[in-house]
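Here is how the chains run, residue by residue.
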Amino acid sequence: MSARKFVPYANESDVLHVGHLMVENRVDRITLSGDIDLTADQAGLAYAKQLQQLLAAVVATLEGRELPATLPPPPVQTVANPFE
């Protein structure tokens, strides 16, 4: 994955890039955005293995916790526009 270990749900700051796919770590969710082509070549295989390791770590972390049926949506805050 990367030189620094990505620990799912450990913090609000880690970001991992696999191709053009961005994986953002949060304490209550992992966000995937962007896109990736898993091509039938060595590069595609390397990306697929990175994703496999990442998802295995996510599944292992989730299986090791007591989980609610569904997670409530994050709170939404409205802040004053500093430019007005």
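Presented here is a report on the structure given in the accompanying data block. Just so it is clear, the structure is predicted and the values come from calculations on it, not from any experiment.

Moving on: the overall build of the protein chain. The helix and strand inventory of the protein chain stands at one helix and three strands. Each helix (α) and strand (β) of the protein chain, taken in turn from the N terminus, gives the series β-β-β-α. Its C-alpha radius of gyration of 16 Å places the protein chain more than 25% over the 12 Å reference for a compact globule of 84 residues. Across its three principal directions, the C-alpha atoms of the protein chain cover 50 × 40 × 25 Å. Residues counted as buried form 17% of the 84 residues belonging to the protein chain. Contacts in the protein chain between residues at least 24 apart in sequence constitute 28% of all its contacts with a sequence separation of at least 6.

What follows concerns the pattern of salt bridges. Any two side chains of opposite charge can pair if their charged atoms end up close together. Enumeration over the complete set of coordinates arrives at two salt bridges. We note a salt bridge from glutamate 12 to arginine 26, for which the minimum N-O separation is 2.3 Å. With glutamate 12 in the segment before strand E1 (15-18) and arginine 26 in the loop between strand E2 (20-25) and strand E3 (30-35), this pair connects stretches of sequence that are 14 residues apart. Taking relative accessible area as the criterion, arginine 26 reaches 35% and is therefore assigned partly exposed. In this structure, aspartate 28 and arginine 29 form a salt bridge, with 3.0 Å as the shortest nitrogen-oxygen distance. In this structure aspartate 28 comes out as partly exposed when scored by relative accessible area, which is 32%.

Here we take up the pairing of E1. Of the two faces of E1, the one lined by Leu16 and Val18 is fully buried and the one lined by Val15 and His17 carries no buried residue. Where E1 folds back onto E2 in an antiparallel hairpin, the turn is made up of one residue, including glycine 19, whose phi is positive at roughly 60°.

We now examine the sheet that holds E1. Read from one edge of the open sheet, three strands run E1-E2-E3, paired in antiparallel fashion. Of all strands in the sheet, those bounded by a partner on one side alone are E1 and E3. Adjacent strand axes in the sheet meet at a mean angle of 15°, parallel and antiparallel pairs treated alike. Where E1 and E2 come together, four bridges link them in antiparallel fashion. Residue pairing across strands places histidine 17 opposite methionine 22, the latter belonging to E2. Seen against the sheet, helix H1 (residues 42-63) touches E1, E2 and E3 and runs at an angle of roughly 145° to E1.

This brings us to unusual backbone geometry. Unlike most non-glycine residues, tyrosine 9 shows phi in positive territory, near 65°. Note on placement: tyrosine 9 falls in the segment before E1.

Definitions and limits used
- Here the residue index of a chain counts from 1 through its sequence in written order.
- Thresholds applied to this predicted model are a pLDDT of at least 70 for local features of residues and 80 or more for the giving and counting of side-chain atom pairs; totals over whole chains, interfaces and linings are not thresholded and use all residues.
- By convention in this description, side-chain values take in all heavy atoms of the structure and omit both hydrogens and water.
- By definition, any uninterrupted DSSP run of H or I lasting at least four residues is a helix, any uninterrupted run of E lasting at least two residues is a strand, and each is numbered from the N terminus.
- Only C-alpha atoms enter the radius of gyration; for comparison, a globular chain is expected to reach 2.2 Å times N to the power 0.38, where N is the number of residues.
- For each residue, the accessible area found with a 1.4 Å probe, counting protein chains only, is set against the maximum for its type, and the residue is called buried under 20%, exposed over 50%, and partly exposed in between.
- Whether two residues are in contact is decided by their heavy atoms: any pair within 4.5 Å suffices.
- Salt bridges are defined as contacts in which a side-chain nitrogen from Lys or Arg sits within 4 Å of a carboxyl oxygen from Asp or Glu.
- The pairing criterion is simple: DSSP has to find at least two bridges between the two strands.
- With axes taken as lines fitted to C-alpha atoms, and helix axes fitted only over the stretch in contact, angles between N-to-C directions fall between 0 and 180 degrees.

Note that all results are geometric; they support no functional claim without further evidence.
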